[in-house]
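# Geometric and topological summary
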Amino acid sequence: MTESQAETISRSDKPVLVYVYNDVADEEARYSIEEASAFFDDKVAVGARLFDCVRIDRESAKTDGALKGHLGSENTLIFLRPDYTFSKAIEFRSTKVKSRSIFSAMCKTMKL
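Basis of the calculations
- Residues numbered from 1 in each chain as written.
- Predicted model: local features only at pLDDT ≥ 70, side-chain atom pairs only at ≥ 80, totals over all residues.
- Heavy atoms only, no water.
- Pairing = 2+ DSSP bridges.
- Helix = DSSP H or I, 4+ residues; strand = E, 2+ residues; numbered from the N terminus.
- Axes fitted to C-alpha atoms, helices over the stretch in contact; angles between N-to-C directions.
- Salt bridge = Lys/Arg side-chain N within 4 Å of Asp/Glu carboxyl O.
- Buried < 20%, exposed > 50% of the residue type's maximum accessible area, 1.4 Å probe, protein only.
- Lys, Arg positive; Asp, Glu negative; His and termini not counted.
- Polar contact = N/O pair within 3.5 Å; in protein donor to acceptor, adjacent residues only side chain to side chain.
- Contact = heavy atoms within 4.5 Å.

Here the focus is the sheet that holds strand β1 (residues 16-21). Spatial ordering of the open sheet is given by β2-β1-β3-β4, a layout of 4 strands whose pairing is mixed. At either margin of the open sheet sits one strand with a lone partner, and together these are β2 (52-57) and β4 (86-91). Geometrically, the sheet is characterised by an average inter-axis angle of 20° between neighbouring strands, direction not taken into account.

What follows is the structure, given as structure tokens:
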């Protein structure tokens, strides 16, 4: 998407939850975030329905203006407000990410 195309995009109805994964050959590793226990928490599961959820590989994210400045070295969750401005990033250095931190980022993004 070019800068001029990005300027013509209007505000979305929902905030965006972007999962940026490292480019790996192993498909199971690519989707390991779904196995994280934090996503089995009821508040996080219900909260995720209020977001447009997207998966993108790191190489593609590096070219996206809204994402490129917020990439970590590991798989990363990036929360964007409905106007596509940055809200919060959570880097998955291990699978021990707490559901509380994800839910807190969701609330911050939605300003609850």
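Don't stop here, the text continues.
We now examine the pattern of salt bridges. The tally for this structure, following the rule as stated, stands at 1 salt bridge. Here Glu-59 ties to Lys-62 by a salt bridge, and the two come within 3.3 Å at their closest N and O atoms. With a relative accessible area of 44%, Lys-62 lands in the partly exposed category.

A separate point is the side chain of Arg-58. Here Arg-58 shows up in helix α4 (residues 58-61). Although Arg-58 lies buried, it forms no salt bridge, and the closest oppositely charged side chain, Glu-59, sits 6.4 Å away as judged by the N-O distance.

Moving on to the side chain of Thr-109. Looking at where Thr-109 falls in the secondary structure, it is placed in helix α5 (residues 99-110). Judged by its relative accessible area of 3%, Thr-109 falls in the buried class. In terms of polar contacts, Thr-109 uses its side chain to reach the side chain of Ser-87, at 2.9 Å. Not counting residues up to four positions away in its chain, the partners in contact with Thr-109 are Pro-15, Phe-51, Phe-79, Leu-80, Arg-81 and Ser-87.

Function cannot be read off these values alone, since they describe shape.
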